[in-house]
Amino acid sequence: MMMAYYTVDNVLKGKASVGEQITVRGWVRTRRDSKAGISFLTVYDGSCFAALQGVVPNTLTNYDTQILQLTSGCSVEMTGTLVASTGQGQSYEVQVTDVKVIGWVEDPETYPMAPKRHSMEYLREYAHLRPRTNIIGAIARVRHAAAQAIHRFFDEQGFLWVSTPIITSNDCEGAGEMFRVSTLDLMNLPKDHQGNIDFSKDFFGKETFLTVSGQLNGEAYCSALSKIYTFGPTFRAENSNTARHLAEFWMIEPEMAFADLMDVAKLAESLLKYVFADILARRSDDMAFFAEWVDKTCISRLEHILNSSFEMMTYTEAVKQLQACKQTFEYPVEWGMDLQTEHERYLTEQLLKRPVIITDYPARIKAFYMRMNEDNQTVAAMDVLVPGVGEIIGGSQREERLQQLDQRMRDSGLDPAHYGWYRDLRRYGSVPHGGFGLGFERLINYLSGAANIREVIPFPRTPKHAEY
RNA sequence: UCCUCGGUAGCUCAGUCGGUAGAGCAAGUGGCUGUUAACCACUGGGUCACAGGUUCGAGUCCUGUCCGGGGAGCCA
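Basis of the calculations
Residues numbered from 1 in each chain as written. Chains lettered and ligands numbered in written order. Predicted model: local features only at pLDDT ≥ 70, side-chain atom pairs only at ≥ 80, totals over all residues. Heavy atoms only, no water. Buried < 20%, exposed > 50% of the residue type's maximum accessible area, 1.4 Å probe, protein only. Helix = DSSP H or I, 4+ residues; strand = E, 2+ residues; numbered from the N terminus. Near = heavy atom within 4 Å. Polar contact = N/O pair within 3.5 Å; in protein donor to acceptor, adjacent residues only side chain to side chain. Pairing = 2+ DSSP bridges. Axes fitted to C-alpha atoms, helices over the stretch in contact; angles between N-to-C directions. Phe/Tyr/Trp six-rings, centres within 6.5 Å; stacked < 30°, edge-to-face > 60°. Lys NZ or Arg CZ within 6 Å of the ring centre and 35° of its normal. Contact = heavy atoms within 4.5 Å.

Section: helix α12 (residues 440-448)
Note: α-helices contain 3.6 residues per turn, so residues at a spacing of three or four share the same orientation.
Consideration 1: Buried residues dominate α12, accounting for nine of its nine residues.
Consideration 2: Looking only at α12, the buried set comprises F440, E441, R442, L443, I444, N445, Y446, L447 and S448.

And the structure:
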């Protein structure tokens, strides 16, 4: 007989017909025995949130020897006839005629993924087994769907995906500490005449690091192809121990030519809305799970956002609002100071209760490449803040005027001579342009309601943690 | 890195005034059952994070180290 393999998702979506002989392969979620002479075996394969229920009669030859020994986590190949289910909770089930055990769980008592609720902290210690749980599986599917949606959005909008380098010699970007890339022998470092490490002997002949941002390279391609974006890994060697920082994370950085800050803000809003709508439509099963077990509001708040526009507010206006409100803050609010987390939270979570775009920050607290405004005090920068996660996007219109750029570099303590190729972009056919960085994991955090960013990347890298 | 709270069974936790250990879940066995967060009964399961100290006696008090949670800074 021809064996027809199906994923659980395809079976539940009706791609197999009732009465058909089908085979699914996956892992046992639960086994429940009935004295009616049957066992219920639910099998998942990750293709969707739901598991497929098999009804296993005790007449199978391996019923006593194998079926009754199956525990959560065992891998099986289950064959039988697809039927409409008479029980509640599923539309289809399989009248099983054969179960092949592929792999046993050697000791069910100490199998780390017991069929019960585990804490997120516990699951994190088993990063190689946690994708077998409902919640991490759901996050993995949502993460995949969000990445696909982002690529689709940009493609539809005429943006080209540019792969900017992961190893870079761009230093002092002001975006944080960098991881060094080197092949030098740490036990026997080459030294120059002054006794400094001689990096001319290193692999690239100079100091190199893992990228903290693809933006500067992105600007080069934007200055020729008009609309580009990067989507790749990013590395920050900050000693950050929070629920929203990783040492290795993924970032999306669009860059648009002939664009001002308002164009950039509009792009950010339409990108986020596109992804929200897409996830609600395509991963409704996983979102329903999040809404029931993780964050009751995670669906309703996305729907609400889709029906309203983002709030926009200048930094100066935000400072006024914070000073006028009755809330008492640990840190005082004063024009010229960076907004503290408590301030950002108040604005997005209490005052507005939805995403807000803060624009036009004081030049002193922002990076050198952001474009100076007419007032000569603020720059055309923007941060998108969302409830629960905080800053999900940071972006700006870039300084396209060479003189102003050089001045901003010197004011930031940087030597323009070290930025030759970046300055060239302003010397040859410079155009107004801008873009932003979207933290991919922060986006998944917002979508799923997961409280910690370490749950939304498969193998999180944080200070002192690079296992697996 | 700073502040703060914690580390006790496979997991989540309780443990009073310092007197050698408890529950729920999970697991095992049996019962019941077209079940689906199953239910009922019984059983097994402990280097109380680690090292030192105080004490007749430490899960409990003190010191140090390691690890984890929450908050902050850095930012996406």
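Notes on the protein's contact with RNA strand B
Consideration 1: Around RNA strand B, the surrounding shell holds 52 residues, and the nearest of these are Q88, E109, R124, H245 and H465.
Consideration 2: When the atoms of RNA strand B within 4 Å of the protein are grouped by moiety, sugar and phosphate amount to 49% of the total.
Consideration 3: Contacts to RNA strand B include N239, whose side-chain N or O atom sits 2.6 Å from a phosphate oxygen.
Consideration 4: Side-chain polar atom of Q340 to a phosphate oxygen of RNA strand B: 2.8 Å apart, as the coordinates give it.

Some details on unusual backbone geometry
Consideration 1: If you check the backbone angles, D360 has positive phi at about 60° while not being a glycine.
Consideration 2: Note on placement: D360 falls in strand β13 (residues 356-362).
Consideration 3: Given a relative accessible area of 19%, D360 falls into the buried group.
Consideration 4: In this structure, N376 is a non-glycine residue whose phi angle is positive, near 65°.
Consideration 5: Among the secondary structure elements, N376 is positioned in the loop between β13 and β14 (378-386).
Consideration 6: The exposure class of N376 is exposed, given its relative accessible area of 57%.

Overview of the sheet that holds strand β1 (residues 21-34)
Consideration 1: Spatial strand order, β1-β2-β3-β5-β4: five strands in a closed barrel with mixed pairing. Across the sheet, the mean angle separating the axes of adjacent strands is 55° when strand polarity is ignored.

Quick notes on the packing of aromatic side chains
Consideration 1: The tally for this structure, following the rule as stated, stands at 20 aromatic pairs.
Consideration 2: Three or more aromatic residues joined by ring pairs form one cluster here, namely F153, F154, F159, Y229 and Y274.
Consideration 3: Above the face of the Y361 ring, K366 is positioned so that its terminal group lies 4.3 Å from the ring centre.

Some remarks on the side chain of H343
Consideration 1: Position of H343 relative to the elements: it lies in helix α9 (residues 341-351).
Consideration 2: Within polar-contact distance, the side chain of H343 engages the backbone oxygen of Y331 at 3.0 Å.
Consideration 3: With residues up to four places along the chain from it excluded, the contact list for H343 reads L322, F329, Y331, P332 and V333.

Some thoughts on the environment of M120
Consideration 1: With respect to the element layout, M120 can be found in helix α2 (residues 120-124).
Consideration 2: For the pair M120 and K191, spaced 71 residues apart in the sequence, the C-alpha separation amounts to 47 Å.
Consideration 3: If sequence neighbours within four positions are ignored, M120 has contacts with I135 and E455.

By themselves these figures say nothing about function.
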